[in-house]
Amino acid sequence: MLSKKKFKKLLFSLTLFIVTEKNFAAPCCGSGFTIPSIITSDDKAQVALSYSYSQIYADVFANGDWRRREEKDVTETYKIEGAHIFKDRYQFGISAPYQKRTREGAQEDRSSGLGDVSLQLGYEYLPDWDYNPYRPKGITYLSLILPTGKSIYESDDGSGIDARGRGFWGIGGGTVLTKSWGNWDANFNFEAHYSFPKKVSTDTTQGTVNPSYGGSTAIGSGYNWESIRLGALINWFYEAPTDVTGTTPSEGTLKRYATGTLLASYLLKSNESIVLSYSDQTLFGSPLNTSLSKSITLFIQKRWQR
Amino acid sequence: MKIREQEFWGVKLRENKRFPLLIFMLILLASCAKPQYVNADKLESSIANISGECGILFSTEDICLRTEWVQKPSESTFGEMNLIFIDPIDQTRFLDPTNEPFIVLWMPSMAHGSSPVKVERIDVGRYRVSEIFFTMPGPWDIRYQLKDGSNVVEEKIQKITI
């Protein structure tokens, strides 16, 4: 049997790791595909509120050249996420972001509104009832992305300041694996998704935007001291080229980047935690065709036991 | 909880408490980014006039187009240019195209455009294009179009990098 102290550490590491799984997507064209809010602990429900401040630091062209961004372009995101267990091993979740975007320079402007809402359905296919020292806990999930945020293809003035979403219906699936050894914990996430084509009509273009497949892989680890956890994570993202047919036909270029994240978490109560994280997209991977940002996120989560 | 000794790429780990950290550190070291920042002068040189005897030929109307930058755009400033339509045989003769000249700023790698530009006729065969602004740095297409209503009759593309 696990001692109460060890159980608390285990619970802490399992409930907080998922904070590291947030997608700090390149903010050029709205948020990317969102990793769902998944319950990885033994709780029956969780709700989380987060605030994120993200600033574009550089742009990477399709040929791999980097350019430091001169004008300030900031995205603040307020997000509410929730998940609930049903039928013991199934769960559903929802994530709804609200974004404020501010850009300085010649086209100085600001915009705010709802981003893309996502729904998730999860199933715990690898339970960890006996706390096996090697076998991880595994949860698989399906996601549905609703294009509730205005996309750059529907931007009122074409400047894209009001682009808060990708603009496509999307479906995805993936798996989360978690494991703890003593004070250490590790986590792994893989997801793949498909975005559906969309017809667009603006002052400058009429036609169909054809996105395609994408995916991400994340690996992270953390160390727990009583009520404190320090963790790190790298998340690699890939999006296949987006082609356009119509009045402005074009073939896109693949997009890829990696996000490195450091986290400090504190367990306020046995069912409440607060996390401060710093994410940087300029440190890892071999980015292509994307804007790279640096972000700070504050995250508060409350859980309900079974 | 007793944890057995195990081997990882020849390294024996008596306790695997540091195992996740070891893997994570290896991945971290192997995946550091290598930024190659591009020179701003190199980018500005890609924003050139379209010149030559005919410039570019719109074959559907048999008319040539030359362009002259009045103000080159940058990441933080608007640009302005002149469009000059001329006869391909007598290049001193200015002509108005039959269809409407139109310009689209398009970022093909990201599959999106920029804010619309303003095209004004200032004289026979001469047009002023203002409010040229690129919403983000990177490679862009300037698409010179001749349009009949919403139908693009012919299009020529100039590639630049902001």
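Figured I'd write up the structure that's included with this text. (Residues numbered from 1 in each chain as written. Chains lettered and ligands numbered in written order. Predicted model: local features only at pLDDT ≥ 70, side-chain atom pairs only at ≥ 80, totals over all residues.)

This next bit is on the overall build of chain B. Each helix and strand in chain B was counted, giving two helices and eleven strands. In sequence order, chain B lays out its α and β elements as β-β-α-α-β-β-β-β-β-β-β-β-β. Within the span of chain B, comprising 162 residues, buried residues form 31% of the whole. For chain B, contacts bridging at least 24 residues in sequence account for 47% of all contacts bridging at least 6. (Helix = DSSP H or I, 4+ residues; strand = E, 2+ residues; numbered from the N terminus. Buried ≥ 20, exposed ≤ 12 C-beta atoms within 10 Å, placed from the backbone. Contact = placed C-beta atoms within 7 Å.)

What follows covers the interface of chain A and chain B. Chain A puts 55 residues into the contact, and the matching count from chain B is 41 residues. Contributions of two or more residues to the side of chain A that touches chain B are made by strand S2 (66-68), strand S9 (184-195), strand S11 (206-210), strand S12 (213-225), strand S13 (228-239) and strand S14 (243-246) of chain A. No other element matches the three residues that S2 of chain A contributes to the side of chain A that touches chain B. Class assignment of the residues belonging to the side of chain A that touches chain B gives a composition of 21 nonpolar, 23 polar and eleven charged. (Nonpolar A, V, L, I, M, F, W, Y, C, P; charged D, E, K, R; others polar.)

Turning to the pairing of strand S4 (residues 63-71) of chain B, a few remarks are in order. All names here are of chain B. Both strand S3 (residues 56-58) and S4 contribute to a ladder of three bridges, which runs antiparallel. Each residue of the ladder has a partner; that of Leu-57, found in S4, is Cys-64. The loop that links S3 with its antiparallel partner S4 comprises four residues; one of these, Asp-62, has a positive phi angle of about 50°. Alignment of S4 against strand S5 (residues 79-86), held across seven bridges, turns out to be antiparallel. (Pairing = 2+ DSSP bridges.)

Attention shifts here to the sheet that holds strand S7 (residues 112-113) of chain B. All names here are of chain B. Read from one edge to the other, the open sheet built from four strands follows the order S7-S6-S10-S11, with strand pairing classed as antiparallel. The open sheet is flanked by S7 and strand S11 (151-161), the only strands paired with a single partner. Note: strand S6 (residues 100-107) against strand S10 (residues 139-148), seven bridges, orientation antiparallel. Within S10, the position partnered with Pro-101 by the bridge is Leu-146.

A word on the sheet that holds S14 of chain A. All names here are of chain A. Spatially, the three strands line up as an open sheet ordered S10-S11-S14, and their pairing is antiparallel. Of all strands in the sheet, those with a lone pairing partner are strand S10 (198-201) and S14, marking the two edges. Ignoring strand direction, the axes of neighbouring strands in this sheet form an average angle of 30°. The pairing of S10 with S11 spans four bridges and is antiparallel. Residue Lys-199 lies in a different strand from S11, and its bridge partner there is Thr-208. (Axes fitted to C-alpha atoms, helices over the stretch in contact; angles between N-to-C directions.)

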